[in-house]
Structure formats: structure tokens, C-alpha cells
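Structure at a glance
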Amino acid sequence: MKYHGGCHCGAVKFEVQCGEEIEVEDCNCSVCSKFGFLHLIVPKDDFKLLCGEQNLIEYRFNTGVAKHLFCGTCGAKPFYVPRSNPDGIDVNVRCLDSRPPRINIVDFDGQNWESNAASLAHKSKRSRV
């Protein structure tokens, strides 16, 4: 199914393809806990930016691999390119206009990222059904 989402002010809009039942991570790292990000990691082909690319501001820290993207007007972080899955997109489920009916939230220990990141590697791969 396709779900639409975006930033708070509406300058950035996107659509994401995912199932009606999803698993998302609630990470306790410094940046995710401050922004309340709920992680839905998908293959890049399952994500489409509809408008607002020119409004996105990029922030990188630590290793510089993750591309944290914020709306330059309202400051919302609706999605980004994660360090764990640089071949995918990580959508903030809280920025979806409507949400899948079944969301399983699992804790992710991002404070110990190096020890746990490999458990996310499969999230940006296309499942073979």
C-alpha cells in the first residue's frame, strides 16, 4: 500500500510503499530520542519525494554517513538516509498522514549502535515473495 506523509508545514511531501503491518524501531540514540523518530526503513524504490527537495536541509554528524534531512521552514525530520541502510530510506512513521493499521514498535539500542546496527541491514532489501 502507498502512504503519504510530509513535514509539518507541508513544504515537503512524500509517499512510501509498505505493508498494512509494519515493524518500526524506537531508537534510544541521542538524535532519535530528541526528535521522537519512529523508524520505518524501506528500499529506496519504495519511497518517492513528491515535492520540497529544495526545502530540505542536510545535517551530518559522527561518521557523516547518515544524511539527516530537515524541512528548512518548519524543522520537521520526515525521513532521512540512515547509516545502517545507506541504500534505503528511513521514514518517520509519525510524519505519515495516515498510518498502516498494524504497527509493531520494537526498541532499538542505538546508544550501543555499533553492536546492534547489523540487525537492521535487511530492512532496505527487497523481500522475495
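This text gives an overview of the structure that appears in the document. (Residues numbered from 1 in each chain as written. Predicted model: local features only at pLDDT ≥ 70, side-chain atom pairs only at ≥ 80, totals over all residues. Heavy atoms only, no water.)

Re the overall build of the protein
Rules: The secondary structure listing takes helices from DSSP runs of H or I that are at least 4 residues long and strands from runs of E that are at least 2 residues long, numbered from the N terminus. We call two residues in contact whenever any of their non-hydrogen atoms come within 4.5 Å of each other. The method behind every accessible area is Shrake-Rupley, applied with a 1.4 Å probe, and residues are considered shielded solely by the protein chains displayed. This count recognises Lys and Arg as positive and Asp and Glu as negative, with His and chain-terminal groups excluded. For charged residues, the charge sits on one atom: NZ in Lys, CZ in Arg, CG in Asp, CD in Glu.
Broken down by element type, the protein carries two helices and 10 strands. For the protein, the C-alpha atoms occupy an extent of roughly 35 × 35 × 20 Å along the three principal directions. Taking the contacts inside the protein whose residues are at least 6 apart along the sequence as the reference set, 61% of them involve residues at least 24 apart. Accessible surface, the protein: about 7200 Å² in total, of which carbon and sulfur atoms supply 48%. Between the averaged position of the 16 positive side-chain charges in the protein and that of its 16 negative side-chain charges there is a distance of 4 Å.

Focus: the packing of aromatic side chains
The relative placement of two aromatic rings is captured by the distance of their centres and the angle of their planes. Worth spelling out the cut-off: Side-chain rings of Phe, Tyr and Trp, where Trp is taken by its six-membered ring, are said to pair if the distance between their centres is within 6.5 Å; with planes under 30 degrees apart they count as stacked, over 60 as edge-to-face, and otherwise as tilted. Think of it in three bands: residues with accessible area under 20% of the maximum for their type are buried, residues over 50% are exposed, and the middle band is partly exposed, with areas taken using a 1.4 Å probe on protein chains only.
Counting across every chain of the model gives six aromatic pairs. Arranged with centres 5.7 Å apart and planes meeting at 70 degrees, the rings of Phe14 and Phe79 form a pair that is edge-to-face. Of this pair, Phe14 sits in strand S2 (residues 13-17) while Phe79 sits in strand S8 (residues 79-81), and the two are 65 residues apart along the sequence. Look at Phe35 and Phe70: their rings are 5.3 Å apart centre to centre, the planes differ by 50 degrees, and that puts the pair in the tilted class. With Phe35 in helix H1 (residues 30-35) and Phe70 in strand S7 (residues 67-71), the pair connects residues that are 35 residues apart, well separated along the chain. In this structure Phe35 comes out as partly exposed when scored by relative accessible area, which is 43%.

Concerning the side chain of Glu15
Our working definition: N or O atoms within 3.5 Å of each other form a polar contact, as long as, within protein, one can give a hydrogen and the other can take it, and as long as residues adjacent in sequence are counted only when both atoms are side-chain atoms.
The residue Glu15 is located in strand S2 in this model. Polar contacts involving the side chain of Glu15 include one to the side chain of His4, which spans 3.2 Å. Discounting residues that sit within four places of it in the chain, Glu15 has contacts with Lys2, Tyr3, His4, Asp46, Phe47, Lys48 and Leu50.

Describing the environment of Ser119
Relative to the helices and strands, Ser119 is located in the segment after helix H2 (113-116). Distance from Ser119 to Val31, taken between C-alpha atoms, is 19 Å for residues 88 residues apart in sequence.

Structural notes on the sheet that holds strand S6 (residues 56-59)
Put simply, the rule reads: Only strands joined by at least two bridges in the DSSP assignment are considered to pair. The angle between two axes is taken between their N-to-C directions and runs from 0 to 180 degrees, where each axis is a line fitted to C-alpha atoms and a helix contributes only its stretch in contact.
If you trace the seven strands from one edge of the open sheet to the other, you get S6-S7-S8-S9-S4-S3-S10, paired in mixed fashion. The strands lining the two open edges of the sheet, one partner per strand, are S6 and strand S10 (102-108). Direction aside, neighbouring strands of the sheet carry axes that sit 35 degrees apart on average. Two strands pair when backbone bridges link them, and S7 and S8 are joined in this way by three bridges, in the antiparallel orientation. When the sheet's bridge partners are listed, His68 is paired in S8 with Tyr80.

So, the environment of Lys13
Secondary-structure assignment places Lys13 in strand S2. Along the primary structure Lys13 and Arg60 are separated by 47 residues, whereas in three dimensions their C-alpha atoms are 22 Å apart. Once residues lying within four places of it in the same chain are set aside, the contact partners of Lys13 are Gly5, Gly6, Leu49, Leu50 and Cys51.

Points about the sheet that holds S2
Pairing is antiparallel across the open sheet formed by three strands, whose spatial order is S1-S2-S5. Only two strands of the sheet have a single neighbouring strand rather than two, namely strand S1 (2-6) and strand S5 (47-51). Taken over all neighbouring pairs, the strand axes of this sheet differ in orientation by 25 degrees on average, direction set aside. Relative to S5, S2 is paired through four bridges, and the arrangement is antiparallel. Within S5, the residue paired with Phe14 across the bridge is Leu49.

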